[in-house]
Every structure is written in structure tokens, then in C-alpha cells.
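Breakdown of the fold
The residues making up each chain are set out below.
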Amino acid sequence: MSLLLYINGEKADTEPGQVIAQTRQVNDLNSLEDRQASYTNKFKLPKTANNLRIMNFLTVTGNDSDIPYRKNDCSLYSESGECFVYNGWAQITDSGDDFDVVIYDGIIDLYKAIENKNLSDLDLSELEHLKSVYAIRDSWTQNKPYRYIAADYNGSTGQPNHTNVLLDADYLIPSVNIAWLWDKIFTTYGITYEGAVFNTEDFKNLWMTYPKGVSPQDTEEDVFENDPDEMGYETNGAYTRTYYVGYNAWQTNNLQSLVQNRHLKVTEAGYYRIEVAGKITAQNFYNQLKRFRLFLGKNSAFLSSQAVLPWRIIADGLQSGSPFELKSVFRLDAGDSICLMIGKSANEGSTHGFAVSAVQDFSLKLVKINQDEYDFAIPFASFSIRDFLKEVIQRFALTLFKDKYSQKYTFYTLQEQLNGGNAVDWSKKFSKKKSEKYVYGSYAKTNWYRYKYNAADEDFNDGAIEVNNELLAESKNVFTSKVYSPERIRTRYLSAMRNVYKMWEKEQEEVTDEETGETQLVTKYKSLSGRYYFLRAMRLNKHVALKSRLLQDEITSAFVYAESFRKLSFSDIMQTYYKPIHTLLQKALLVTAELYLTDADIANFDFKKLYYIEQLSGYFIMNKINNYIPGKPVACELVKVHLSPQDVAVPPQIKIDKVIVTGYTAAVYFTLNMAGASLVLLEYSPANQDNWQQVNSASPNSPSVYFSANGSGSYKLRLQVSEDFTGETYTSQIVNITIPSNTIIYL
């Protein structure tokens, strides 16, 4: 049986009867690793004339092929047309008489897209703002991606006055909305996503603090600025790959030196921002306009332009002759130097040369940014996108599933994956059981999920999964967050005991009055850095005054958003999202069995489903399909699910149990799984619309709430309930009814 292989859109020649074993797998529970992509075994591709042409004559003497260094799009089909891989990655190396090829598919697309990327690589311009009492209030009243959440950050907190609670605005800091940041990552890299968890209040009302205390008096410092009329660029060598940008005239403030008129050497360690604007014309030797990229080299003085390695890509795919304005933030140590380079775009092929023919209206500025400035790109340079995704994935116990034909990922909680209605009977495909293992993964008896803490040896917000298996190691840290826990001791703030998110260190200092000679203790606040905290924003209908002593400004607000750490300790997270994992691990059973699978089974396999196998007496999650070869049974790793989905599912906050329709009246019976609610609200809408209107309410202790229709027709009903303390709102499922009728609907 022949396989059809396409590399970069062209059909490759394969040997007759070529065997390509395929391994299918999804990322293990709650992790994000490139090794968990699906892949094939290494197979040979003959060096036919057609294959050499596809490889841009790789291995032919004098070739300039970039095939070994790039992403090679690859699709693999069975002889009958079943698609095994669509737009995967082909990794190609030389093995003498043939090429060696390995194909990767699945999660590798996401992993490669964010590889070596930090949150500072995103466009965070919507977060940039000047701090003021008005900016703080605007973050409460307007739909912004950042919010000043009122909390004790271990700085000055203010005090009550006669009419309002006085908050010290100088010691409030902004937090970015996690949902906004999550969406920004995926849209930046052209990836779509979906998952029920992203519509929950737990996700939407999750925020991450700016990671250090700031003061509005801090400034930035210009250290270099060129004269646009005196611009230089390298011209020695036509049609090379990279060119230096040089400066014939400039202004400096605190630059240590300018080496060779190209390399900017800084005096102080810190965060820097480069601002570049202008227009560059680049072409090949056919005088065709080319795309190019701008990148920085680091500590590359006295190297030829071709020897300078990209340290930081400022932008790629820039259009020749088109104006641009670009910024990039990065950290330098004292004595580091950087140089700006013009290079061929990574998306340009290697067939034609590359030359810079004109640089116009070019300006470059290097700015040393005070780390106290509110620019989220500065501290986010130390937070990788991969680490951020892991923070979210771990908190919601998510598993990722990639759509074969698009850059779309579906995120499931384990409760969703254990949906019994999602099961498939594969009993007829069973061949034999090969082995059983009684340990899943590398868990220990106690598996810790840990925060970082300001004080040593703290663990009060950590959580653990306990496994009842005496043969395991005593304990291990499964996940250690980059995020800090609030302090153990809470303080009174906004009329209640609330958490402290430490952004300042308080220090007592003796100050002597020059006139009186009296000495008194004064509290000084030393800013801390690198303190990322997760928290929630709880609206309080309380009049407050915001006062900035530094700006000598004060305003009032009729409400305020205060901090909440609800359901954010890892022990709470374990209870909410990790019960199914706890259940699987108590009597872990990993079965390796041989199954008779077809090309269609492999091509259309769905890791989100449960698989029932009668011979193994249960339902299973497919962990891995190992080395599938058409026509042969394949070894599959199956994780047994011991309990029904109902046993492991987390109940919703409010659920409609049944609806009894009698004529023009409907009694809606419900179950409420939360405390601290005052009312259950009933809403209705015409069945073909989403025009929801409140029609009735009931006490949380009441078993039902009633709906009376004014006329006949089809309607939708739902219930809503709000938690008094946090203000968070939860909605039940939707029930469709017909008026008039006499019906009982059980749910």
C-alpha cells in the first residue's frame, strides 16, 4: 500500500510499499510540552530528481537550500485518500543516499508559535496609560483590559474621612485581565480557541497584577538618538543577507560609547526600549521589491554583518518602500552593546539575493526605562508566554486538542472529557491485552501544586493530590507557579478583613526635624519587583475617595472594585477542577492493548472521546496510539475511568431540575449549590430570540419559581443567581417550553 506525501505543496516520490509508522497522542493532563505532539517514525525519502527539486537541491554541491532550517509544510494521505496529517511539519536531514524525514503534527504548531516568546512580545499598547486618580476611576467605570483593584499592597492604604473611605491612590497598582491577555496571545499568532471554561466567571474575572510597586514621579531617560538627515547603512557587498545600520550624527545622554558608528554600548543595566521609524527599500538582483526584517545583534562589535546573529527580532515581513514605526523592549546589562540590522525576511526563499538600496527618513531612539514606569511590556519581558499558558492550564486542569484542518484548539476540563454521552464502543476492535501498569505518569503519594511566597517555608495556599499507593515516592512538586501567594495575615481594608498582596517593603526610618531637632520614626516604602499575583475583582457599592499626595489630586467614586482571592488557593483549585484526576490516580490502571484500527480510525481519531471496550470491562481515555502501520494491530495506551461522569462532575452553581407546565403557568424547580445568595431570578425569552427579561424571583430556600405567560407560543426559561459577597453572577441551563400545554420536563 502506497502513501501520498506532500512537502511544501508538492508531491514527493516515496519508495513502493513505503512504511511510515504513526504515533498519535494528546498532551498529558495539564501540561504543555512539544514532545507530546503526534509524529511519525524516521523514514527514508529517495533522492530522486523530483525530491531534490522540492528540497531546493539540498546536498548538491554549491546549493543554498534552507530546507533543513525552516518549517516545511507536510501532508500525508493514505492510498484511499484518508488524511493522516494536514499541514504538519516535516523535519528533513541528510542520510547519504536518501533524506531522513520525520513528520510532526498537533500541538507542535502552538508550541513552535510561542517558542522563546515573552508576554512583552505582544502588542500591549492598550495597557499603556498615565497613572492618575482619574485613570484609576476610569478602570472601574469603563471596559478596559486593566483594572486598579483596591487592595492592601503593603504600601500606604489611606484612612477613613468624614463621608468616604479615603484610598491612597499612589499605592494602588493596575492588574491585567487574564481573559484579555489569553485572547491577545492567540490572536497575535493566528490561532483560534474555544472551551466552555472561557465563558465562566472563574476565568473572566481573573486578573494578574503589574509585578512591582510604582510611583507616578518616575521617569525614563533618552540615551541615544540619531540625526535622521545623517543616516548611514552598510553598502560593502551586494546581495548579501544582512546589513548594518550606521549613524553619522547623533545625540547621546548616558551612552557609554558608540563603537564603529554602529554598536550602542550602554552604561547601566536595566530595561531599554528601542524606537525605530523610517522607510527602507530592499530588492533582489531582478530589481523586484523584497520583504525584509529588522533585528538586533548583541555584543557583536567588529563582526562582519554576515556573522551577526539575531538576538531579538523587532519585526519580520516588512514591505520594501513602506513606512514603519516599531518599538521593542528588552533588558541589557552594563557594558552590553546592540546593533540594528536589516536582513532578508525569514519568509523569503533562498533563490534570489537581497540588497538594501535606500534608507529614508530613518530615526532611531534608545530609551532607558525606569522600572517604576507603568509600561506592561517592561516586566512582562521576564514572563514567557509558555509559562503564562501553563499557569492557566494548571488552574483549570485543561487538556488541549488541535483541529486537524485549522489552527484551532479546543480546551477541555477533565469533567468535560468524562462526559458519558461522548463515549464510543470499540469492543469489536479489541485484539488482546498486552500489559497493565498501576501508576499513571510520575505521580507520588503527595503531589504538590505550589505558589511562590514572600516569606520562606510558607505553604498555606498550596494544594496537593493525594494518591493511595504505598509503592510511590513520598512527595513531589508537580507544579510550581511563577505567581506569588498573598500574605498569611490579612488586614482590615475597606471595612473588612482582606488579603495583602505585598508590593512594597515597609521600613522605619528616624527623621530629624532641622528646625526643632526632634526625631521621629517615619515609614518608608521600598518597592519590590517580580511579584505577580492572581486575584479577582469584587464590586462594592461603597463611596470612596481617591487621593494622590504626589499629584495633589482627589476625586470620589460611588463604587470600588476590591480584591478577592476566592477559589484561587491551590487547595480550592484541587477541589473544583482536580477531583477527576484524584479519582483516576487512586486506582490507576494504564492498559496497553492491541486494537485493529483502520486508516479511517487514525485519520479521524478524536482524543476528546471516551472509548468503551467490553473485553476490558470499562471506559477508557486514549493516551497514545503507538506506531500505527496500516493493516496491522496497533498498541494503544488506555487510561481506565473508574467512575461514571456523574460521579466526577462538578455540579453547577444553579441547575434547573424540572419544569411543570400547566396551561399558561410553569413551575421551575431548581437546585442551588452555593451560599451567600439573596434571590434566584427567573428570566424568559421568545424561543427564536435572545431577548431575555426578568419576570419573577424566589428565595434561595424555595424549591421553585413561577412563570406566567401572557399569550401562547414557545419560550425559553433560565435562572440567574448572584453571590452577595463577590457580585459574581451564575446562569442555569436553558429550558424550552410551549404555552399552553400540560407537560413535565425532567432535566
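Figured I'd write up the structure that's included with this text.

Basis of the calculations
- Residues numbered from 1 in each chain as written.
- Predicted model: local features only at pLDDT ≥ 70, side-chain atom pairs only at ≥ 80, totals over all residues.
- Heavy atoms only, no water.
- Helix = DSSP H or I, 4+ residues; strand = E, 2+ residues; numbered from the N terminus.
- Contact = heavy atoms within 4.5 Å.
- Salt bridge = Lys/Arg side-chain N within 4 Å of Asp/Glu carboxyl O.
- Buried < 20%, exposed > 50% of the residue type's maximum accessible area, 1.4 Å probe, protein only.
- 1 Å grid on protein atoms, 1.4 Å probe; cavity = no way out; pocket = protein on both sides within 12 Å on 5 of 7 lines; lining within 4 Å.
- Points joined across faces, edges and corners; volume = space filled by probe spheres on them.
- Nonpolar A, V, L, I, M, F, W, Y, C, P; charged D, E, K, R; others polar.
- Axes fitted to C-alpha atoms, helices over the stretch in contact; angles between N-to-C directions.
- Parallel < 35°, antiparallel > 145°, perpendicular 65-115°, else oblique.
- Pairing = 2+ DSSP bridges.
- Left-handed = near helix turned anticlockwise from the far one by under 90°.
- Core = buried A, V, L, I, M, F, W, Y, C linked by side-chain atoms within 4.5 Å.
- Polar contact = N/O pair within 3.5 Å; in protein donor to acceptor, adjacent residues only side chain to side chain.

1. Side note on the environment of Leu-616
- With respect to the helices and strands, Leu-616 occurs in the loop between β42 (610–613) and β43 (618–628).
- Expressed as a C-alpha distance, the spacing of Leu-616 and Phe-430, which sit 186 residues apart in the sequence, is 9.0 Å.
- Other than its neighbours up to four places away in sequence, Leu-616 contacts Phe-430, Lys-433, Val-591, Ala-593, Leu-638 and Lys-640.

2. Re the pattern of salt bridges
- Here the structure, examined in full by the defined rule, presents 31 salt bridges.
- The shortest N-O distance in the salt bridge between Lys-429 and Asp-601 comes to 2.8 Å. Of the two residues, Lys-429 sits in the loop between β28 (423–425) and β29 (430–437) while Asp-601 sits in helix α10 (residues 599–603), which places them 172 residues apart along the sequence.
- Residues Lys-434 and Glu-594 are paired through a salt bridge, measuring 4.0 Å at the closest nitrogen-oxygen approach. Here Lys-434, found in strand β29, pairs with Glu-594, found in strand β41 (residues 590–595); they are 160 residues apart in sequence, far enough to count as distant.
- The class for Lys-434 is partly exposed, based on a relative accessible area of 47%.
- A relative accessible area of 15% means that Glu-594 is categorised as buried.

3. A word on empty space enclosed by the protein
- Counted according to the given criterion, the structure contains 6 cavities of 30 Å³ or more.
- By volume, the second largest cavity amounts to about 50 Å³.
- Every residue along the wall of the second largest cavity is listed here: Asp-202, Leu-206, Arg-395, Phe-396, Arg-536, Lys-567, Leu-568, Ile-573 and Tyr-577.
- Looking at the lining of the second largest cavity, the elements with two or more residues in it are α6 (385–396) and α8 (570–577).
- The class makeup of the residues in the lining of the second largest cavity is 5 nonpolar, no polar and 4 charged.

4. Digging into the packing of α6 against α8
- The interhelical angle for the contact between α6 and α8, taken along N-to-C directions, is 60 degrees, at an axis separation of 8 Å. Considered as vectors, α6 and α8 are oriented oblique to each other. Every residue of α8 that contacts α6 at Gln-394, Arg-395 and Phe-396 is listed here: Phe-570, Ile-573 and Tyr-577.
- Partitioned by chemical class, the residues of the contact of α6 with α8 number 4 nonpolar, 1 polar and 1 charged.

5. What about the sheet that holds strand β26 (residues 398–402)?
- In spatial order, the strands read β12-β27-β26; together these 3 strands make up an open sheet with mixed pairing. Either end of the sheet is taken by a strand with one partner, and the two such strands are β12 (192–194) and β26. Taking each pair of neighbouring strands and ignoring which way they run, the sheet shows an average axis angle of 25 degrees.
- As judged from the 3 bridges shared by β12 and strand β27 (residues 408–413), these two strands associate in the parallel manner. Paired with Tyr-193 across the bridge in β27 is Tyr-409.

6. Some points on the packing of helix α4 (residues 178–188) against α6
- Their axes nearest at 11 Å, the elements α4 and α6 cross at an angle of 130 degrees. For the element pair α4 / α6, the angle class is oblique. Relative to α6, α4 is oriented so that their crossing is left-handed. Contact with α4, carried on its side by Ile-178, Leu-181, Trp-182, Ile-185 and Phe-186, involves Ile-385, Phe-388, Leu-389 and Val-392 of α6 and no other residues of that element.
- Of the residues contributing to the contact of α4 with α6, the split by class is 9 nonpolar, no polar and no charged.

7. Re the nonpolar core
- Within the largest apolar cluster, 111 residues are counted, with the highest numbers of intra-cluster contacts made by Met-208 and Phe-388.
- For this core, the leading source of residues is α4, giving 7 residues.
- Not counting residues within four places of it along the chain, the set of residues in contact with Met-208 comprises Leu-119, Ser-175, Val-176, Ile-178, Leu-181, Phe-380, Phe-383, Phe-388, Tyr-532, Tyr-533 and Phe-534.
- Counting residues in each nonpolar core, the second largest holds 45 residues, with Ile-20, Val-85, Leu-616 and Val-634 among its members.

8. Let's talk about the side chain of Ser-175
- On the secondary structure map, Ser-175 appears in strand β11 (residues 174–177).
- Residue Ser-175 is classed as buried on the basis of its relative accessible area of 0%.
- The contacts of Ser-175, once residues within four sequence positions are left out, are Pro-145, Tyr-146, Arg-147, Ile-149, Trp-207, Met-208, Thr-209, Tyr-210 and Leu-535.

9. Things to note about the side chain of Asn-177
- For Asn-177, the position within the fold is in strand β11.
- When its relative accessible area of 11% is taken as the criterion, Asn-177 is described as buried.
- Here Lys-204 takes part through its backbone oxygen, which lies 3.0 Å from a polar atom of the side chain of Asn-177.
- Each residue touching Asn-177, except ones within four places of it in the same chain, is listed here: Pro-145, Lys-204, Leu-206 and Trp-207.

10. Focus on helix α3 (residues 133–141)
- For α3, the set of buried residues is Val-133, Ala-135, Ile-136, Ser-139 and Trp-140.
- Considering only its buried residues, α3 is in contact with β9 (146–148), β10 (165–168), β38 (544–548), β39 (553–557) and β40 (560–564).

Everything listed is a geometric property; what it means functionally is a separate question.
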